[in-house]
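So you can see what is in the structure, the chains are spelled out below.
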Amino acid sequence: MMIDYAHHAERQSPYPTAEEVKNDYQTHIGDQVNFWSRVSIVQEDTVGVTYGQPLYIQTSDLSVRSGDWVQVYGELNAKQELVVERIVVSPQSNRLYMIAVSVGGVLLALIMFVRHWKIDTERWIIVPRDP
């Protein structure tokens, strides 16, 4: 059910998709956008991201590094800049932590499964281990 939602979510969004912006930027000038993107360039008060094509965000109060992820809500303008209303920074280290915790959780679940269950090779079913 969630896979179907994810498949159709972009079409139901009130914001233009990255593909629409890439294909015809001029028609989307002045449109509101909301997207996640990886930071590709950081120079003084400018952050470069990609949303269909390279966009630049003017900001002075963020500690953003190249490789971080940002969620941006703002308006596209004619200079391929984004007039930002809200921005959330997710450092790259957060993703690494998330992956490490997920791998740890999977290993723990696998260990618990192997300790309490076994495969009955005669009937090819999973059965509880004897106490």
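Note that the structure is predicted; figures quoted are calculated from it, not measured.

1. A closer look at the environment of Glu75
Counting through the fold element by element, Glu75 comes out in strand E5 (residues 69-76). Residue Glu75 is classed as partly exposed on the basis of its relative accessible area, which comes to 30%. Once the C-alpha coordinates of Glu75 and Ile29 are considered, the two residues, 46 residues apart in sequence, prove to be 7.7 Å apart. Those residues in contact with Glu75 that lie beyond four places of it in its chain are Gly30, Asp31, Gln32, Glu81, Leu82 and Val83. Side chain to side chain, Glu75 and Gln32 meet in a polar contact 3.4 Å long.

2. Notes on the packing of aromatic side chains
Enumeration according to the criterion identifies two aromatic pairs in this entry. A centroid spacing of 5.8 Å and a plane angle of 80° characterise the contact between Tyr15 and Tyr73, whose relative ring orientation is edge-to-face. Taken together, the residues span a long stretch of sequence, with Tyr15 in the loop between helix H1 (2-12) and helix H2 (18-23) and Tyr73 in strand E5 at a distance of 58 residues. Between Phe35 and Tyr51, the aromatic rings sit 4.1 Å apart at their centres with planes inclined by 15°, giving stacked as the arrangement. Here the residue Phe35 occupies a position in strand E1 (residues 32-38), and Tyr51 occupies one in the loop between strand E3 (46-50) and strand E4 (54-58), the gap between them amounting to 16 residues.

3. Considerations on the pairing of strand E6 (residues 81-90)
Note that E4 and E6 share two bridges and pair parallel. The residue bridging Ile57 from the neighbouring strand is Leu82, located in E6. In this structure, E5 lies alongside E6, joined through eight bridges in antiparallel fashion. Considered in E6, the bridge of Trp69 is made with Ser90. What sits between E5 and E6 in their antiparallel hairpin is a turn of four residues, with Gln80 showing a positive phi close to 55°.

4. A short note on the sheet that holds strand E2 (residues 41-43)
Here we have six strands laid out as an open sheet, ordered E1-E5-E6-E4-E3-E2, and mixed in their pairing. Of all strands in the sheet, those with a lone pairing partner are E1 and E2, marking the two edges. Sheet twist, expressed as the mean angle between neighbouring strand axes with direction ignored, is 35°.

5. What to know about the confidence of the model for the chain
Per-residue pLDDT for the chain averages 84, and the proportion of residues at 70 or more is 89%. At the low end of the mean pLDDT range in the chain sits H1, at 60; at the high end sits strand E8 (residues 125-128), at 94.

6. Observations regarding the pairing of E5
Judged from the seven bridges that link them, E1 and E5 form a sheet pairing that is antiparallel. Along E5, the bridge assignment pairs Arg38 with Trp69.

Conventions used here
Residues numbered from 1 in each chain as written. Predicted model: local features only at pLDDT ≥ 70, side-chain atom pairs only at ≥ 80, totals over all residues. Heavy atoms only, no water. Helix = DSSP H or I, 4+ residues; strand = E, 2+ residues; numbered from the N terminus. Buried < 20%, exposed > 50% of the residue type's maximum accessible area, 1.4 Å probe, protein only. Contact = heavy atoms within 4.5 Å. Polar contact = N/O pair within 3.5 Å; in protein donor to acceptor, adjacent residues only side chain to side chain. Phe/Tyr/Trp six-rings, centres within 6.5 Å; stacked < 30°, edge-to-face > 60°. Pairing = 2+ DSSP bridges. Axes fitted to C-alpha atoms, helices over the stretch in contact; angles between N-to-C directions. pLDDT = per-residue confidence, 0-100.

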